[in-house]
Amino acid sequence: MEYKEGCIVDRIIFEANSYTVAHLKHNGTTFTAVGIFPLKKGETVNVKGIWEVHPKYGKQFVIQSLENKDAHLINTEDYTAADIEAFLKNLKGIGEKRAKLITSVFKSSTLDVLTINPYKLVDIGIPESAVKTAYSQFMKERDMTELKLLLLPAGVTTKTVKKIYEKYGRDAVKILKENPYRIADDIYGFGFIKADKIAQKLGIDAEAPERIQAALKYVLKNNEKDGHVCLPRQILIEQTAELLGFSGDILDENISALISRGDLVEEKGFIYLHDLYRKEKFIAEKLKRMLAANPPNKKLENVKEILKAVSAEANILYTKQQLNAVKEALLSKVLVITGGPGVGKTTIIKAVLEILRQNGWKVELAAPTGKAAKRLTEAAGHEAKTIHRLLDAKYSEKTGKTYFAVNELNPLDADAVIVDEMSMVGNDIMYFLLRGLRDETKLILVGDADQLPSVEAGNVLRDIIESGAVPVVRLTEVHRQSSVSSIIYNSERINMGSMPMFNLRDFIYNEALIPEHIVEIYMEELSYGKTPLDVQILTPIKKGEFGTKNINSLIQEAVNPPSKEKKEIKYGDTVYRVGDKVIQTENNYEKMIFNGEDGIIEDAYIDKEYNRHLVINFDGNIVDIAEEEIQDIELAYALTVHKSQGSEYDTVILVATSKHFIMLKRNLLYTAVTRAKEKVIILGERKAVWIAIKNIDTSIRYTLLKERLQGFSK
């Protein structure tokens, strides 16, 4: 081993993944050095290593350890040992245990050691390979070191730190120290709570305007997750006071300041985030324009003959109610068709589709999710797309945001658009859909208004129906050939407020007071030749012994236990294993997978840089998910009822116990039951079923869409 002191980096020949080939000058002599160390031209380093002769490039000095004399030392005075430890454990190759060891030995000098002579870490037992990996990342990202020291202890992920650095550059720390709450506005997914942790660390005053205003916006965003588009001013004040721990005129004053600045909008005593206000207003105005526009210049001939042919092909007879729905769909510019399962909504879609297409109309079918679109395609005999695909959603790597190529400047080339499962459509996607349609395009909205409202903010289908501004056809007569099915019969009973009639065939009740009983019933269903894709457990909640998290863990252990032949990774407290059924819980526009899509894990691995990966087959779309993206993947043997919207399963196992009391609502029970095609099994307590039936969901979603459609304007 040879030691060379005071070498100057003369030239970088090659650099990739921190493997560097460079010319170093030492005592007037230049030599080639190689190693896994990032270097910069002009730096002075001490190197230790051995000489080797490369068969192609000749004699080279292979660096085994390095001291960087010119490396910029980080000012760590403002950071605690815990901050440094949080920073270290996020370096590849270090982790929590090694981070604790390193900081316990080197204390406040830890980062100086890592910068100047990382091989001191080998002396205390850190493997050389881990030191090289960590040092390589540290040097490559050293401009972000202080930013990481500030953010990682607050629970910010490394991926988000990089996004922040990309946004603010080298001034990131300075910008955040001036106003840490700015980050909540500028960086997607970064909320008030994390920003407030950073602010407290920086000593920002509790009643600083930037803190109060960030809290007000956070409360509005948080309520958006609960379905609200806006909030009454007083409720906004009360919730913000609870969050901050103080109240008074100061909150009201800051609301007014945000309104003056244009961040918030007030209308009729309701406060909106500006973006939500703009979108809601656009939806109402666009629908009004579509209702007033001239229809496409297309013929509508041979309607009776086409209907007769469709009827013969499907072996059905249209009733007066269904014929009226077809007539309204042909005559109306915008129409809502609503009704429960088995009333013929899809039959009507197929009839309208054929009449329009055979008259030369260009018709597009759409649904909110991939599963719903697939079901509509099969039922209608014509391709249906997800709304995102219909609007040609694209991801911009440059901005990190998604945009729709179909918009008001490039509208959809369609004479008519039919959208199914409208109960799932919230304000946001409705805004983008309408923005992509010409005013004269015929729009037919189909859905069951008695189901749970959309996960997204808004109550679009119900607001449109209740406004009276758009024609509505209500289908009430069950015509499906399987109308003898207890599922349809009982869904009607539930909707009317009556207890379902249980049997031993296709609508079964079973008492289940322990979660293990749910596993037994699930395994019994699989023993009949069904797969996890055919059988779905639904429960109202995520947490607790009867929540999705615990049930998923128990089912995974029973259906897909650990095995030497099956790869797996752990992320958080969840183990993901090849063969597991999973669901995407947030829209991932970069990978083009969307909230509610489920799939099967086909591979699980850790790459050379210690990143964890899952390869998931989403109904033929195979996607590689890595690190922070995995937090949006959940096991899907058991789902909340909300997550099941738009899907159908052969068998639904619904968990209903009195422990779910606060969540037990009639529309939740109705939605769960109508997800099943062949069999419903309710496990739990009869009392819980009765509570749900009698508990009509009276919770209000704050939105003014209905009023806008009724002609209310500012």
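Residues numbered from 1 in each chain as written. Predicted model: local features only at pLDDT ≥ 70, side-chain atom pairs only at ≥ 80, totals over all residues. Heavy atoms only, no water.

The next thing to look at is the overall build of the protein. If you tally the helices and strands in the protein, you get 27 helices and 28 strands. Each principal axis of the C-alpha atoms in the protein carries an extent, and together these give about 100 × 65 × 55 Å. Scored against the burial criterion, the 714 residues of the protein give a buried share of 53%. Contacts spanning at least 24 positions in sequence make up 66% of the contacts within the protein whose residues lie at least 6 apart. As displayed, the protein has an accessible area near 32,800 Å², and 49% of this comes from carbon and sulfur atoms. Of the charged side chains in the protein, 98 are positive and 100 negative; the average position of the first set lies 2 Å away from that of the second. (Helix = DSSP H or I, 4+ residues; strand = E, 2+ residues; numbered from the N terminus. Buried < 20%, exposed > 50% of the residue type's maximum accessible area, 1.4 Å probe, protein only. Contact = heavy atoms within 4.5 Å. Areas by Shrake-Rupley, 256 points an atom, 1.4 Å probe, with all protein chains shown as cover. Lys, Arg positive; Asp, Glu negative; His and termini not counted. Charge placed at Lys NZ, Arg CZ, Asp CG, Glu CD.)

Our focus in this paragraph is the packing of helix 23 (residues 515–526) against helix 24 (residues 548–559). For the pair helix 23 and helix 24, the least separation of the axes is 10 Å and the interaxial angle reads 45 degrees. Of the possible angle classes, the one that applies to helix 23 and helix 24 is oblique. The hand of the helix 23/helix 24 crossing is right-handed. Contacts between helix 23 and helix 24 pair P515, E516, I518, V519, Y522, M523 and L526 from the former with N550, I551, L554, I555, A558 and V559 from the latter. Looking at the contact of helix 23 with helix 24 residue by residue, the class counts come to 11 nonpolar, 1 polar and 1 charged. (Axes fitted to C-alpha atoms, helices over the stretch in contact; angles between N-to-C directions. Parallel < 35°, antiparallel > 145°, perpendicular 65-115°, else oblique. Left-handed = near helix turned anticlockwise from the far one by under 90°. Nonpolar A, V, L, I, M, F, W, Y, C, P; charged D, E, K, R; others polar.)

A contiguous nonpolar surface patch, about 340 Å² in accessible area, is contributed by I13, F14, Y19 and I36. Turning to its location among the elements, Y19 is positioned in strand 2 (residues 19–26). Overall, Y19 belongs to the partly exposed group, its relative accessible area being 35%. (Patch = residues over 30% accessible without salt bridge, like charges linked within 9 Å, V, L, I, M, F, W, Y side chains within 5 Å. Salt bridge = Lys/Arg side-chain N within 4 Å of Asp/Glu carboxyl O.)

With that settled, the discussion passes to the pairing of strand 24 (residues 621–626). Pairing geometry for strand 23 (residues 612–618) and strand 24, over 6 bridges, is antiparallel. Bridged to H613 within strand 24 is A626. Here strand 23 folds back onto strand 24, and the loop between the two strands holds 2 residues, one of which, D619, carries a positive phi near 50 degrees. (Pairing = 2+ DSSP bridges.)

This next bit is on unusual backbone geometry. Look at N302: it is not a glycine, yet its phi comes out positive at around 55 degrees. Mapped onto the fold, N302 is located in the loop between helix 14 (274–292) and helix 15 (303–314). Residues other than glycine seldom take positive phi values, yet E627 does so here, at roughly 40 degrees. Tracing the sequence through the fold places E627 in the loop between strand 24 and strand 25 (633–635). Note on E627: relative accessible area 14%, which makes it buried.

Within the element layout of this structure, F106 appears in helix 2 (residues 95–106). Separated by 15 residues in the primary sequence, F106 and L121 place their C-alpha atoms 9.3 Å from one another. When neighbours within four sequence positions are excluded, F106 is seen to be in contact with V113, K120, L121 and I124.

Here we have 6 strands laid out as an open sheet, ordered 11-10-14-15-9-16, and parallel in their pairing. Across the chains shown, the open sheet's two edge strands, defined by having one partner strand only, are strand 11 (384–386) and strand 16 (472–475). Pairwise comparison of adjacent strand axes, ignoring direction, gives a mean angle of 20 degrees for this sheet. Relative to strand 15 (residues 442–447), strand 9 (residues 334–339) runs parallel, the two being bridged by 5 bridges. Bridge pairing in strand 15 links T338 to G447. Against the sheet, helix 18 (residues 370–380) makes contact with strand 10 (363–367) and strand 11, and its axis sits at roughly 175 degrees relative to strand 11, the strand it touches most. Packed on one face of the sheet, helix 21 (residues 460–467) meets strand 9, strand 15 and strand 16 and runs near 110 degrees to strand 9.

What follows concerns the UniProt feature "binding site: ATP" (unreviewed entry) in the protein. UniProt annotation of "binding site: ATP" (unreviewed entry) refers to G342, V343, G344, K345 and T346 when read in the numbering used here. Within the element layout of this structure, V343 appears in the loop between strand 9 and helix 17 (345–358). Taking the relative accessible area as the measure of exposure, V343 reaches 3% and is therefore buried. On the secondary structure map, K345 appears in helix 17. Overall, the relative accessible area of 16% leaves K345 in the buried class. Residues within four places of K345 in sequence aside, it is in contact with I337, T338, G339, G340, V446, G447 and L475. (UniProt positions renumbered as here; feature names shortened; annotations may be inferred.)

A few words on the sheet that holds strand 26 (residues 638–640). Strand order in the open sheet formed by 5 strands is 17-28-27-18-26, with parallel pairing between adjacent strands. Edge positions in the sheet fall to strand 17 (507–511) and strand 26, since each has one partner strand and no second. Looking at each pair of strands side by side, their axes are set apart by 25 degrees on average, direction ignored. Two strands pair when backbone bridges link them, and strand 18 (residues 535–539) and strand 27 (residues 649–656) are joined in this way by 4 bridges, in the parallel orientation. Paired with I537 across the strands is I653, a residue of strand 27. Where helix 22 (residues 486–495) meets the sheet, it contacts strand 17 and strand 28 (676–684), and its direction lies at approximately 55 degrees from that of strand 28.

With respect to the helices, strands and loops of the structure, S332 is situated in the loop between helix 16 (320–331) and strand 9. By relative accessible area, S332 is classed as buried at 10%. Engagement of the side chain of S332 in a polar contact is seen with the backbone oxygen of E328, the distance being 2.7 Å. (Polar contact = N/O pair within 3.5 Å; in protein donor to acceptor, adjacent residues only side chain to side chain.)

This brings us to helix 2. Across its 12 residues, helix 2 extends 16 Å between first and last C-alpha, which sits within 8% of the 16 Å expected from 1.5 Å per residue. Regarding helix 2, the residues found buried are A99, I102, T103 and F106. All buried residues of helix 2 fall inside an arc of 95 degrees around its axis, so they share one side. Lining the buried residues of helix 2 we find helix 1 (81–89), helix 3 (110–116) and helix 4 (120–123). Looking at the residues trailing helix 2, positive phi occurs at K107, about 50 degrees. (Expected span 1.5 Å × (residues − 1). Arc of directions from axis to C-beta.)

Attention shifts here to the packing of helix 11 (residues 209–225) against helix 13 (residues 249–261). One can describe the packing of helix 11 onto helix 13 by two numbers: an axis separation of 10 Å at closest approach and a directional angle of 80 degrees. Regarding the angle of helix 11 to helix 13, the classification is roughly perpendicular. Between helix 11, through P209, I212, Q213, L216 and K217, and helix 13, the contact on the second element is made entirely by I250, L251, N254, I255, A257, L258 and R261.

Compared with an ideal rise of 1.5 Å per residue, which puts 17 residues at 24 Å, helix 11 spans 25 Å between its outermost C-alpha atoms and is within 8% of the ideal. When we look at burial in helix 11, the residues that qualify are R211, I212, Q213, A214, A215, L216, K217, V219, L220 and N223. A positive backbone phi angle near 100 degrees is found at G227, which sits one or two residues after helix 11.

One finds L88, L151 and I164 to be the most contacted residues of the largest nonpolar core, which totals 84 residues. Each of domain 1 (2–68) and domain 2 (81–152) accounts for three or more of the residues forming this core. Those residues within four positions of I164 in sequence are excluded, and the remaining contacts are L147, L151, G169, L176, I183, I187 and F190. (Core = buried A, V, L, I, M, F, W, Y, C linked by side-chain atoms within 4.5 Å. Domains from an automatic or database assignment.)

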